[in-house]
Amino acid sequence: VTGAAAFEPLAEVKGQHVNVTKISESGKKQRKNWTWMWTELNSEQLLVYKERQQETGPKAGGKTDVVPLCGAVIEWTKEKSSRKNVFQITTHTGSEYLLQVDSYSAASKWYDTIRKAIDSSTKP
Ligand code: I3P
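Per chain, residues are indexed from 1 in the order of the written sequence. Predicted model: local features are reported for residues with pLDDT of at least 70 only, side-chain atom pairs are reported and counted for 80 or more only, and whole-chain, interface and lining totals are derived from all residues. For the side-chain quantities, the full set of heavy atoms in the structure was used; hydrogens and water were omitted.

Digging into the nonpolar core
A general feature of soluble globular proteins is that nonpolar side chains tend to end up buried together.
At step 1: Grouped together as the largest cluster of nonpolar side chains are 21 residues, with contacts concentrated most on L46, F87, I89, L99, W110 and I114.
At step 2: Only DSSP runs of H or I covering at least 4 residues are called helices, and only runs of E covering at least 2 are called strands; the numbering of each starts at the N terminus. Where this core is concerned, the elements lending two or more residues are β1 (15–25), β3 (35–41), β4 (45–49), β7 (86–90), β8 (96–100) and α2 (104–122).
At step 3: What F87 contacts, discounting residues up to four positions off in sequence, is I74, E75, W76, T77, Y97, L98, L99, A107, W110, Y111 and I114. Here, nonpolar core refers to any group of buried Ala, Val, Leu, Ile, Met, Phe, Trp, Tyr and Cys residues whose side-chain atoms link them within 4.5 Å. Whether a residue is buried, partly exposed or exposed follows from its accessible area with a 1.4 Å probe, protein chains only, as a fraction of its type maximum: under 20%, in between, or over 50%, in that order. The contact criterion used is simple: two residues touch if any of their non-hydrogen atoms lie within 4.5 Å.

Digging into the site of the ligand
At step 1: All residues in the neighbourhood of the ligand are listed as R31, K32, W34, S81, S82 and R83.
At step 2: A distance of 2.6 Å separates an oxygen atom of the ligand from a polar atom in the side chain of K32.
At step 3: Within the side chain of R83, an N or O atom sits 3.3 Å from an oxygen atom of the ligand.
At step 4: Protein chains shield 45% of the accessible area of the ligand, which is 510 Å² for the free molecule.
At step 5: Among the residues forming the shell around the ligand, the class breakdown is 1 nonpolar, 2 polar and 3 charged. When we say a residue is near a molecule or strand, we mean one of its heavy atoms is within 4 Å of it. Polar contacts, as used here, are pairs of N or O atoms within 3.5 Å; protein pairs need one atom able to donate a hydrogen and one able to accept it. Residues neighboring in sequence count only if both atoms are side-chain atoms. For the accessible areas, the method is Shrake-Rupley and the probe is 1.4 Å, while residue cover comes only from the protein chains on display. Each residue gets one label: Ala, Val, Leu, Ile, Met, Phe, Trp, Tyr, Cys and Pro are nonpolar, Asp, Glu, Lys and Arg are charged, and the others, such as Gly, are polar.

So this is what it looks like as structure tokens:
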């Protein structure tokens, strides 16, 4: 039990710095503007902040966007950017976000975590 508990913090990563750009808002194309942001998951949303948030205590300011996950689609894309390790989140309202980190392991860990959150918020 002690051994398993020791791995839990890794499996419970809920926040990550990534490059983010919103390329479409409700189906309307936006100008690409990559920004290094702190993204954090709750059970229903991906929250996008300018600054890293503390795990406990009040949230710092600078929340710039909220990405609803219910009914969202996540997929890796090579076509939408010249960067590596880019994945796209398309919301049920037709907004499209690209997320990217140079580290493949960091990108795939964050992809998997978001995909699981989408799966559990989409299921009834
Ligand atoms: C964009 C900027 C982006 C680039 C995008 C360019 O130019 O260089 O970094 O996306 O390519 O249009 P600007 O700053 O003038 O808006 P990637 O880094 O993801 O390739 P794109 O038009 O092919 O999407």
